[in-house]
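Listed below are the residues making up each chain.
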Amino acid sequence: MLQHSVLRICHFLLLALCIFASEDFDWTKNEMGSFQYGTFPSGFSWGAGSSAYQTEGAWDKDGKGKSIWDVFSHKRGKIHLNDTGDSSCEGYHKIKDDIALMKDMKLNHYLFSISWPRILPSGIKNDYINEKGIQHYDNLINMLLENRITPIVTLYHWDLPQVLEEKYGGWQNASMVNFFNDFANLCFERFGNRVKYWITFNNPWSVAVEGYETGEHAPGLKMRGTGAYNAAHNIIKAHAKVWHTYDAQWRNKQKGMVGISLSADWGEPVDITNQRDIEAAERYVQFYLGWFATPLFHGDYPQIMKDYVGRKSAQQGLSSSRLPTFSPHEKSYVKGTCDFLGISHFTTRYITQKNFPSNRANSYFTDRDLAELVDPQWPDPGSDWLYSVPWGFRRLLSFVKTQYGDPIIYVTGNGVSEKMMCTELCDDWRMQYLRDYINEMLKAVKDGVNVKGYTAWSLLDKFEWDEGFSERFGLYYVDFGSKNKQRYPKASVQYYKRIISSNGFPNQREIESWKRKALETCTSSNQLLAAARRKSKENKEHADMPKVWPVHDEV
């Protein structure tokens, strides 16, 4: 009997060790190996993405209400060169044209967002439903399906109805949970018979930190040390409520999935043999990705976040932590509310320990006690925050697998910008970025990470938030100066198209030819764009010429 009990105890200890090991990420092992040839599993989904405010334009057309970004971008000094998304790519009027581009690329899916105020102008379902807004998304979804392109639909990509910000304080207010659930439920009701992949929030980190902590993004509030945490808390609860609504009311009928898209840079220890650097790097990732993912997969905030924010709050003389807490009921309610995890990833940082004294002004950034560094050798073709560090992508995907129980993953955004005054359609740096990052994703898949699809960010050049139109992420160049916002393919269109058709990287010889052929095609596109620019300039000069009337001599 004693022997049997000992065996049972040993069995449970072994099981516990196995569970612990499965969740343990090896920070000391970074394999920056060579390029790997091979293909993705059959059925892997290739796509491109966009968002409503960045591409649609038509900001006040057909009954649409104002969003916080409409108001924010109209305030002078908030956006680079005072640009706005009022017209942007005019995507609202160019559905057919843009789907033709997707079809030519042979995309399997298209990720886009629904504008909450385009459907519910006040943000509140009981006030008024804008049927013209419903019709717009009906048309988009139907046309995608007619062209065998799967819609992946984001419910919130940052464009909160302005009325909800003014009346309630936006995501600072817990009432947003029910308002957002009503909006999502309406979308499930109207579109769910055709949409099978739903994303509740895109990059809630930016919504919380840049919207309510730094004020760089709409609504532009600087509530340092509290604003981001409170916004995130309500967003997590809103996501969970929407998941439960779908699960209870729609899943059996519609057979769809509900996930979230989390943006995460990778944080690599400066010295992988230094325990303090390893701990700092883990804090970086937990304060970024884990802040949202850990509650959804494990039911609460990362312990390291609770410890650090709680201790700093106490040192500042506060009676409770600035990081809100979940009740026991809320913990069980938010846990397990992800059918798939969307990962949006662009770059990496080196991380080291740095102590910020608690008597300094508290903020999300100082709570982490770390410093972010970059290697000056890393390529940086565009945005000042975006360095090309492909190996970080594999590390991040491996971390997600070990931390969150091997979830289904869709890469919901990956790409690179350029910041150039001149027009350049031969974007060899973007082809290199796509090649290297997608290859690291292939390595992760070969490692056993459950990645089901990849979304290039983005289909088109578009409005880039506080950077306006100064940065371009698109596979297609958009001539924002032209009346009809003409699209021109960059070389990366052809390159990505070949990755899609090959479902990866079949062999060295074939891959080397892709770049050469893509650069050949962009030359003719450059000529077309140059000709259009000349014609536009001539028309403008003609229109600006002073009117001269004939003079008749008096008799």
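Residues numbered from 1 in each chain as written. Predicted model: local features only at pLDDT ≥ 70, side-chain atom pairs only at ≥ 80, totals over all residues. Heavy atoms only, no water.

### Overview of the overall build of the protein
Then comes step 1: In terms of regular secondary structure, the protein is built from 19 helices and 15 strands.
Then comes step 2: A globule of 555 residues ought to have a C-alpha radius of gyration of about 24 Å, and the protein, at 25 Å, matches this closely.
Then comes step 3: Each principal axis of the C-alpha atoms in the protein carries an extent, and together these give about 130 × 60 × 55 Å.
Then comes step 4: Residues classed as buried in the protein amount to 57% of the 555 residues present.
Then comes step 5: Excluding contacts between residues fewer than 6 apart, the proportion of contacts in the protein whose partners are at least 24 apart in sequence is 76%.
Then comes step 6: By element, 52% of the accessible surface of the protein is carried by carbon and sulfur atoms, the whole surface being about 24100 Å².
Then comes step 7: In the protein, 66 side chains carry a positive charge and 65 a negative one; their mean positions are 3 Å apart. (Helix = DSSP H or I, 4+ residues; strand = E, 2+ residues; numbered from the N terminus. Rg over C-alpha atoms; globule rule 2.2 N^0.38 Å. Buried < 20%, exposed > 50% of the residue type's maximum accessible area, 1.4 Å probe, protein only. Contact = heavy atoms within 4.5 Å. Areas by Shrake-Rupley, 256 points an atom, 1.4 Å probe, with all protein chains shown as cover. Lys, Arg positive; Asp, Glu negative; His and termini not counted. Charge placed at Lys NZ, Arg CZ, Asp CG, Glu CD.)

### Observations concerning the sheet that holds strand β7 (residues 266–269)
Then comes step 1: Pairing is mixed in the open sheet, where three strands are placed in the order β7-β9-β10. Unpaired on one side and paired on the other, β7 and β10 (370–373) mark the two borders of the sheet. For this sheet the average axis-to-axis angle between neighbouring strands, irrespective of direction, equals 40 degrees.
Then comes step 2: Each of β7, β9 (348–353) and β10 is contacted by helix α12 (residues 275–298), which is oriented at about 130 degrees to β9, the strand it contacts most.
Then comes step 3: Of the strands in this sheet, β7 and β9 touch helix α16 (residues 391–403), which is tilted by about 100 degrees from β7. (Pairing = 2+ DSSP bridges. Axes fitted to C-alpha atoms, helices over the stretch in contact; angles between N-to-C directions.)

### Thoughts on the environment of G85
Then comes step 1: With respect to the helices, strands and loops of the structure, G85 is situated in the loop between α3 (68–73) and α4 (95–105).
Then comes step 2: On the accessibility criterion, G85 (2% relative accessible area) is buried.
Then comes step 3: Residues G85 and R190, spaced 105 residues apart in sequence, show a C-alpha to C-alpha distance of 27 Å.

### Structural notes on the packing of helix α8 (residues 176–191) against helix α10 (residues 227–249)
Then comes step 1: Viewed as axis vectors pointing N to C, α8 and α10 meet at an angle of 35 degrees, and their least axial separation amounts to 9 Å. Judged by the twist between their axes, the crossing of α8 over α10 is right-handed. Only N234, K237, A238, K241, V242, T245, Y246 and Q249 of α10 make contact with α8, whose side of the interface consists of V177, N178, F180, N181, A184, N185 and F188.
Then comes step 2: Partitioned by chemical class, the residues of the contact of α8 with α10 number seven nonpolar, six polar and two charged. (Left-handed = near helix turned anticlockwise from the far one by under 90°. Nonpolar A, V, L, I, M, F, W, Y, C, P; charged D, E, K, R; others polar.)

### Things to note about the sheet that holds strand β6 (residues 257–263)
Then comes step 1: Ordered in space as β2-β3-β4-β5-β6-β8-β11-β12, the eight strands form a closed barrel in which the pairing is parallel. The average angle at which neighbouring strand axes cross in this sheet is 25 degrees, direction not considered.
Then comes step 2: Packing of helix α6 (residues 131–146) onto the sheet brings it into contact with β3 (109–113) and β4 (150–156), and relative to β3 it is tilted by some 170 degrees.
Then comes step 3: Against the sheet, helix α17 (residues 428–447) makes contact with β2 (45–49), β11 (409–414) and β12 (451–456), and its axis sits at roughly 170 degrees relative to β12, the strand it touches most.

### Some details on the state of the cysteines
Any covalent bond linking the sulfur atoms of two cysteines counts as a disulfide.
Then comes step 1: Throughout the structure, instances matching the rule amount to one disulfide.
Then comes step 2: Two residues, C426 and C522, share a disulfide whose sulfurs are 1.9 Å apart. Its torsion about the S-S bond being 100 degrees, the disulfide of C426 and C522 is classed as right-handed. Of this pair, C426 sits in the loop between β11 and α17 while C522 sits in helix α19 (residues 508–544), placing them 96 residues apart in sequence.
Then comes step 3: Overall, C522 belongs to the buried group, its relative accessible area being 1%.
Then comes step 4: We note that C338 lacks a disulfide partner, and the nearest cysteine sulfur, in C187, lies 18 Å from it.
Then comes step 5: With a relative accessible area of 13%, C338 lands in the buried category. (Disulfide = S-S within 2.5 Å.)

### Here's the deal with the side chain of S363
Then comes step 1: If you trace the backbone, S363 turns up in the loop between β9 and α15 (364–367).
Then comes step 2: Take S363: its relative accessible area is 8%, and that puts it in the buried class.
Then comes step 3: The residues contacting S363, other than those within four sequence positions of it, are E213 and G225.

### Observations regarding the nonpolar core
Then comes step 1: Counting 151 residues, the largest nonpolar core has W171, W198, L289, W291, M441 and Y496 as the members making the most contacts within it.
Then comes step 2: Judged by nonpolar contacts, the second largest core, of five residues, contains L111, I152, I199 and F340. (Core = buried A, V, L, I, M, F, W, Y, C linked by side-chain atoms within 4.5 Å.)

### A word on helix α9 (residues 204–212)
Then comes step 1: Judged by how many residues are buried, α9 sits mostly within the fold: nine of nine residues are covered.
Then comes step 2: Among the residues of α9, those classed as buried are P204, W205, S206, V207, A208, V209, E210, G211 and Y212.

### Digging into the pairing of strand β8 (residues 341–344)
Then comes step 1: Of the two faces of β8, the one lined by L341 and I343 and the one lined by G342 and S344 are each fully buried.
Then comes step 2: Where β6 meets β8, four bridges bridge the pair, whose relative direction is parallel. Across the sheet, residue S261 finds its bridge partner in β8, namely G342.

### Some thoughts on the side chain of T455
Then comes step 1: With respect to the helices and strands, the residue T455 is situated in strand β12.
Then comes step 2: With relative accessibility at 2%, the residue T455 sits in the buried group.
Then comes step 3: Here the side chain of T455 touches H109 through a polar contact of 2.9 Å, side chain to side chain.
Then comes step 4: Excluding anything up to four places from it in sequence, T455 contacts G47, A48, G49, H109, L111, V411, T412, G413 and N414. (Polar contact = N/O pair within 3.5 Å; in protein donor to acceptor, adjacent residues only side chain to side chain.)

### Points about unusual backbone geometry
Then comes step 1: Looking along the chain, the bond that leaves A218 and enters P219 is cis, with omega of 5 degrees.
Then comes step 2: Here P219 shows up in the loop between α9 and α10.
Then comes step 3: Backbone geometry places A58, a non-glycine residue, at a positive phi of 45 degrees.
Then comes step 4: Residue placement: A58 occurs in the loop between α2 (52–55) and α3.
Then comes step 5: Look at R148: it is not a glycine, yet its phi comes out positive at around 60 degrees.
Then comes step 6: By the element assignment, R148 lies in the loop between α6 and β4.

### Details of the confidence of the model for the protein
Then comes step 1: Residues with a pLDDT of 70 or more make up 91% of the protein, whose mean pLDDT is 91.
Then comes step 2: Predicted confidence for residues 1–22 stays below pLDDT 50, and this span has one contact to residues more than four positions away or in other chains.
Then comes step 3: Taken as a whole, residues 547–555 scores under 50 in pLDDT and shows zero contacts with residues more than four places along the chain or in a different chain. (pLDDT = per-residue confidence, 0-100.)

### Here's the deal with the packing of aromatic side chains
Then comes step 1: For the coordinates displayed, the defined rule picks out 63 aromatic pairs.
Then comes step 2: Relative to Y288, the ring of Y284 lies with its centre 5.8 Å away and its plane at 75 degrees, an arrangement referred to as edge-to-face. You can see Y284 and its partner Y288 sitting in helix α12, four residues apart, about one turn around the helix. The pair Y284 / Y288 is uniform in exposure class, with both members buried.
Then comes step 3: In textbook terms, an aromatic cluster arises when at least three aromatic residues are bridged by ring pairs, as seen for W205, Y229, Y284, F287, Y288, W291, F292, Y364 and F365.
Then comes step 4: The ring of Y308 has R311 lying over it, and the distance from NZ or CZ to the ring centre is 4.5 Å. (Phe/Tyr/Trp six-rings, centres within 6.5 Å; stacked < 30°, edge-to-face > 60°. Lys NZ or Arg CZ within 6 Å of the ring centre and 35° of its normal.)

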